[in-house]
Amino acid sequence: MRSEDRLALISAFGCAGFLCAAALIVFGGTRELQPVNATDLLLFIVSGPSAAVGGAICIGLFGHSGGRGWFYAGVGAICSTLLGAMLGGTIVAPVLGALFAPLVLFGNLVIYPAAGLVWFASMAIVHLYAMNLRAYGKSTT
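Let us look at the structure shown here. These figures come from a predicted structure and were not determined experimentally.

Further remarks concern the overall build of the chain. Along its length, the chain carries five helices and zero strands. Listing each helix as α and each strand as β along the chain from the N terminus yields α-α-α-α-α. A compact globule built from 141 residues would reach a C-alpha radius of gyration of about 14 Å, and the chain, at 15 Å, matches this within 12%. Each of the three principal axes of the chain carries a C-alpha extent, and together these read 50 × 25 × 20 Å. Taken over 141 residues, the chain has a buried fraction of 43%. Considering only residue pairs separated by 6 or more positions, the chain has 72% of its internal contacts joining residues 24 or more positions apart. Accessible surface computed for the chain: about 7,500 Å², of which carbon and sulfur atoms make up 74%. With 6 positive and 4 negative side-chain charges, the chain shows a spacing of 12 Å between the two charge centroids.

Here it is as structure tokens:
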């Protein structure tokens, strides 16, 4: 993948992270952050860059066509979210955050369906964007 396409896709992951954090703040609960003295603003600030790093690691799973492509994107969405949550959790609360942030995040996405829907839609849009990059020859892989 060309470096500018890769950077654009990593930026899309970051935007998805910001969007999901906003959805959790608006629709969900961020009470679990209170024991580590984290605020909604800190959650929002950390989510975008953490999601971008997680997405950069899993970028190869996105953009493939067909049913297998959607399966890979689903695996990539879960893995990139897991990695992003671990990184963000580490920034917010160094040891416990890495362990519990993914559990809290995925739990909140299930408990608060509107936030889960935003996560699902944002990952689908990232996959469609990656498919577009590959399909129109903007990518070499």
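The structure having been displayed, the exposition proceeds.
What follows is about the layout of surface pockets. Each pocket or cavity is described by its volume, and for the largest pocket that value is around 710 Å³. The wall of the largest pocket is formed by 38 residues, among which Leu 43, Ala 85, Gly 89, Ala 101 and Leu 105 lie closest to the centre. Those elements giving two or more residues to the lining of the largest pocket turn out to be helix H1 (3–27), helix H2 (40–57), helix H3 (66–92), helix H4 (94–111) and helix H5 (113–135). Here the residues of the lining of the largest pocket are counted per class, giving 24 nonpolar, 13 polar and one charged.

Here H3 spans 38 Å end to end across 27 residues, near enough to the 39 Å set by a 1.5 Å rise per residue. Looking only at H3, the buried set comprises Gly 69, Ala 73, Gly 76, Ala 77, Ser 80, Thr 81, Gly 84, Ala 85, Gly 88 and Gly 89. The secondary structure elements touched by the buried residues of H3 are H1, H2, H4 and H5.

Counting through the fold element by element, Tyr 72 comes out in helix H3. Considering only alpha carbons, one finds Tyr 72 and Cys 58, 14 residues apart in sequence, at a separation of 9.9 Å. Leaving out residues up to four positions away in the same chain, Tyr 72 has contacts with Leu 61 and His 64.

On to H2. Helix length check: H2, at 18 residues, gives a terminal C-alpha distance of 26 Å against a target of 26 Å (1.5 Å per residue), a fit within 8%. The largest bend in H2 is about 30°, located at Ser 47, with the proline Pro 49 one to four residues further on. Taken residue by residue, H2 has Leu 43, Val 46, Ser 47, Gly 48, Ser 50, Ala 51, Ala 52, Gly 54 and Gly 55 as its buried positions. Where H2 is buried, its residues contact H1 and H3.

Here we take up the packing of aromatic side chains. For the coordinates displayed, the defined rule picks out four aromatic pairs. Centroid distance Phe 18 to Phe 44: 5.1 Å. Interplanar angle 35°. Geometry classified as tilted. Of the two residues, Phe 18 is situated in helix H1 and Phe 44 in helix H2; the sequence distance between them amounts to 26 residues. By relative accessible area, Phe 44 is classed as partly exposed at 32%. Ring centres 6.3 Å apart and planes at 85° place the aromatic pair Phe 106 and Trp 119 in the edge-to-face group. Taken together, the residues span a long stretch of sequence, with Phe 106 in helix H4 and Trp 119 in helix H5 at a distance of 13 residues. Exposure remark for Trp 119: the relative accessible area of 16% places this residue in the buried category.

So, how was this worked out
- Residues numbered from 1 in each chain as written.
- Predicted model: local features only at pLDDT ≥ 70, side-chain atom pairs only at ≥ 80, totals over all residues.
- Heavy atoms only, no water.
- Helix = DSSP H or I, 4+ residues; strand = E, 2+ residues; numbered from the N terminus.
- Rg over C-alpha atoms; globule rule 2.2 N^0.38 Å.
- Buried < 20%, exposed > 50% of the residue type's maximum accessible area, 1.4 Å probe, protein only.
- Contact = heavy atoms within 4.5 Å.
- Areas by Shrake-Rupley, 256 points an atom, 1.4 Å probe, with all protein chains shown as cover.
- Lys, Arg positive; Asp, Glu negative; His and termini not counted.
- Charge placed at Lys NZ, Arg CZ, Asp CG, Glu CD.
- 1 Å grid on protein atoms, 1.4 Å probe; cavity = no way out; pocket = protein on both sides within 12 Å on 5 of 7 lines; lining within 4 Å.
- Points joined across faces, edges and corners; volume = space filled by probe spheres on them.
- Nonpolar A, V, L, I, M, F, W, Y, C, P; charged D, E, K, R; others polar.
- Expected span 1.5 Å × (residues − 1).
- Bend = angle between axes of the 7 residues up to and from the residue.
- Phe/Tyr/Trp six-rings, centres within 6.5 Å; stacked < 30°, edge-to-face > 60°.

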